[in-house]
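Tertiary structure, described
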Amino acid sequence: MTVARSRHETQRVERRREGNTMALYIALCLLAALTALPDSKPLHAHGLGVVWGITLGLALAHWFSFWVATRLVSAGEFERDDLELAAAQLLGATAVAALASLVLLVLPDSVELHAAELVLSAFVAVVGYLSMRWSGTGRTRAATYAVAVMAVAVVIVELKNRLAGY
């Protein structure tokens, strides 16, 4: 049974969905990039540059595409709701990049990139788990779903890297 939502609640849900979508997208792209890097000491010094370069590049490309597409489907208008959606997307991207950056800043060079990969993977799994738990699913089923989400994420990351020639 579907419960009718107010316009405000519908917009809030849409902002959360957009922010989470962007966060997951950035996490997958960062995972693909970090796993494609050769394991060498000089690259560890550039970890933050890799994380923020990829995040900013993807966020700008996404924002530009969102802006043009929004104007296309709304007769040239870009309204406050659209701006709030774009802000939610930017917040999702920034949150994931900040999470990866924190790992890179805190941990020693010898483990930082692998730890960042682990944290980004855990982020994807936790989002999968919470998506099921918040819909009323039990812990076991939610954990199974999280494992399935991670398996799909691994396939996406591997496919992305193989198609790019890494």
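Check the entry above for the structure.
Residues numbered from 1 in each chain as written. Predicted model: local features only at pLDDT ≥ 70, side-chain atom pairs only at ≥ 80, totals over all residues. Heavy atoms only, no water.

If you trace the backbone, Asn161 turns up in helix α6 (residues 139-163). Separated by 129 residues in sequence, Asn161 and Ala32 have C-alpha atoms that sit 6.2 Å apart. Within the structure, the side chain of Asn161 is placed 3.1 Å from the backbone oxygen of Ala32, a separation counted as a polar contact. Engagement of the side chain of Asn161 in a polar contact is seen with the side chain of Thr35, the distance being 2.9 Å. (Helix = DSSP H or I, 4+ residues; strand = E, 2+ residues; numbered from the N terminus. Polar contact = N/O pair within 3.5 Å; in protein donor to acceptor, adjacent residues only side chain to side chain.)

So, on to the packing of aromatic side chains. Taken as a whole and assessed by the stated rule, the structure comprises two aromatic pairs. Geometrically, the ring pair formed by Phe64 and Trp67 is tilted, given 6.5 Å between the ring centres and 40° between the ring planes. Placement of both Phe64 and Trp67 in helix α3 (residues 47-73) is noted, with a separation of three residues, approximately one turn of the helix. Members of the aromatic cluster, connected to one another through ring pairs, are Trp63, Phe64 and Trp67. (Phe/Tyr/Trp six-rings, centres within 6.5 Å; stacked < 30°, edge-to-face > 60°.)

Summed over the entire model, instances satisfying the criterion amount to five salt bridges. When the shortest N-O distance is used, the salt bridge between Glu84 and Arg80 registers 2.9 Å. On the criterion of helical spacing, the pair formed by Glu84 and Arg80 is a turn pair, its members being four residues apart in helix α4 (residues 80-106). We note a salt bridge from Arg162 to Glu158, for which the minimum N-O separation is 3.8 Å. Of this pair, Arg162 and Glu158 both sit in helix α6, separated by four residues, roughly a single helical turn. The class of Arg162 is exposed, set by a relative accessible area of 64%. Given a relative accessible area of 37%, Glu158 falls into the partly exposed group. Taken together, the shared-partner salt bridges in this structure form one network comprising Arg15, Arg80 and Glu84. (Salt bridge = Lys/Arg side-chain N within 4 Å of Asp/Glu carboxyl O. Buried < 20%, exposed > 50% of the residue type's maximum accessible area, 1.4 Å probe, protein only.)

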